[in-house]
Amino acid sequence: MLVIFDKCQDPYFNLASEEFLLAERRFAQPVIRLWQNSPAVIVGRFQNTLAEINREFVAEKSIAVVRRITGGGAVYHDLGNVNYTVAQPTSGKIIDFAHFTEPVIELLAGYGIKAENHGRNDIEACGCKISGGAQTIKDNRVLHHGTLLFAVKLDTLAQALRAKEHKLATRGVSSIRERVGNIVDFMRQPLPVEVFLKDLEKHFLKQPGSRPYEFSAREQAAIQKLRDDKYSRWEWNYGQSPDFNIERTVKYPWGELALFLLAKGGRIEEISVYGDFFSQSDVRGAFRKLRGAALEEASLREKIRQMDLAAVLPELTEQELLAQLLNAA
């Protein structure tokens, strides 16, 4: 594998580099990139940004807000975070987190930390979340990334993100701050984050066939263009939503699905979809097929059957979506 230890701390460039690695098909072998962000909130691909952040606090502290290309929930980054990205060819379509988290769990065991996969996409130690991951698959390439909370300013994290009450309730905690923990606090002998980052690099480089890699000038320029044209822009990070007069949010075992509808005369004119779910399809394009449906069972069921739910959100049943829409009426 190719191992990139990138010292860039610009959140917009770092997120742009992920899209570049996912799209760059000339990398036949896995590419692993290690990186850190200056203070930033990174929101999931399908999330409503303003619903995930404490807007006043983020503005006051000059915390960047950047949308990533993978699903899942919002996370806070600062220089106490260590992030890793894996991009490689794949023939599968199923999201597999354990395959990518195993090397991290193995490294943590070397520090005396018993960590394990938990839930959809987290790593936990001593009952605290210490890492969250996300994935996407496109054109037979998979991108997996994870954020490792090593020595993050947890009070800032708690203030920058808006807590979802239903998420906290399912975990038996009352605040974000209660739910997360720093890796350094579980070490027998605490280390500086810089040492941990180098240890992680060495851990990947010792794998058979691994070698260091740096982006070429051409690659750097391509990522910078993507940064400037997309990842630094309001349209990508916040996006415009239509006016709506109906909102219905349901928390399913596989993630949150929030529907915002503009309905007139009993029919759906516009619909926006948000959530922390994972999907490999054009979710918003699929849900736009509901436009024109009357808010009654027969009309909605007919439109839902045109959506190909099995491809878009395979864990969502037709009946569940129908019930969510009818409850919104």
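Keep in mind that this is a model prediction, so the values were computed, not measured.

We now examine the side chain of Arg227. Of note, Arg227 is situated in helix H9 (residues 217–231). On the accessibility criterion, Arg227 (17% relative accessible area) is buried. Apart from the residues lying within four places of it in its own chain, the contact partners of Arg227 are Asp10, Tyr12, Phe13, Ala16 and Ser232.

Taken as a whole and judged by the stated rule, the model has 18 salt bridges. For Arg26, the salt bridge goes to Glu24, with nearest N and O atoms at 3.8 Å. With relative accessibility at 46%, the residue Arg26 sits in the partly exposed group. For the salt bridge of Glu297 with Arg301, the shortest nitrogen-to-oxygen distance reads 2.7 Å. Of the two residues, Glu297 and Arg301 both sit in helix H12 (residues 297–304), 4 residues apart, roughly one turn of that helix.

Okay, the sheet that holds strand E5 (residues 75–77) next. Here 3 strands make up an open sheet; going across it, the order is E4-E3-E5 and the pairing mixed. Lying at the two open borders of the sheet, with one neighbouring strand each, are strand E4 (64–67) and E5. Here the strands of the sheet are splayed against their neighbours by 25° on average, with no regard to which way each runs. Where strand E3 (residues 40–43) lies against E5, 3 bridges are found, and the strand directions are antiparallel. Paired with Ile42 across the two strands is Val75, which belongs to E5. Sitting on the sheet, helix H1 (residues 11–23) is in contact with E3 and E4, with an inclination near 10° to E4.

The rules behind each value
Residues numbered from 1 in each chain as written. Predicted model: local features only at pLDDT ≥ 70, side-chain atom pairs only at ≥ 80, totals over all residues. Heavy atoms only, no water. Helix = DSSP H or I, 4+ residues; strand = E, 2+ residues; numbered from the N terminus. Buried < 20%, exposed > 50% of the residue type's maximum accessible area, 1.4 Å probe, protein only. Contact = heavy atoms within 4.5 Å. Salt bridge = Lys/Arg side-chain N within 4 Å of Asp/Glu carboxyl O. Pairing = 2+ DSSP bridges. Axes fitted to C-alpha atoms, helices over the stretch in contact; angles between N-to-C directions.

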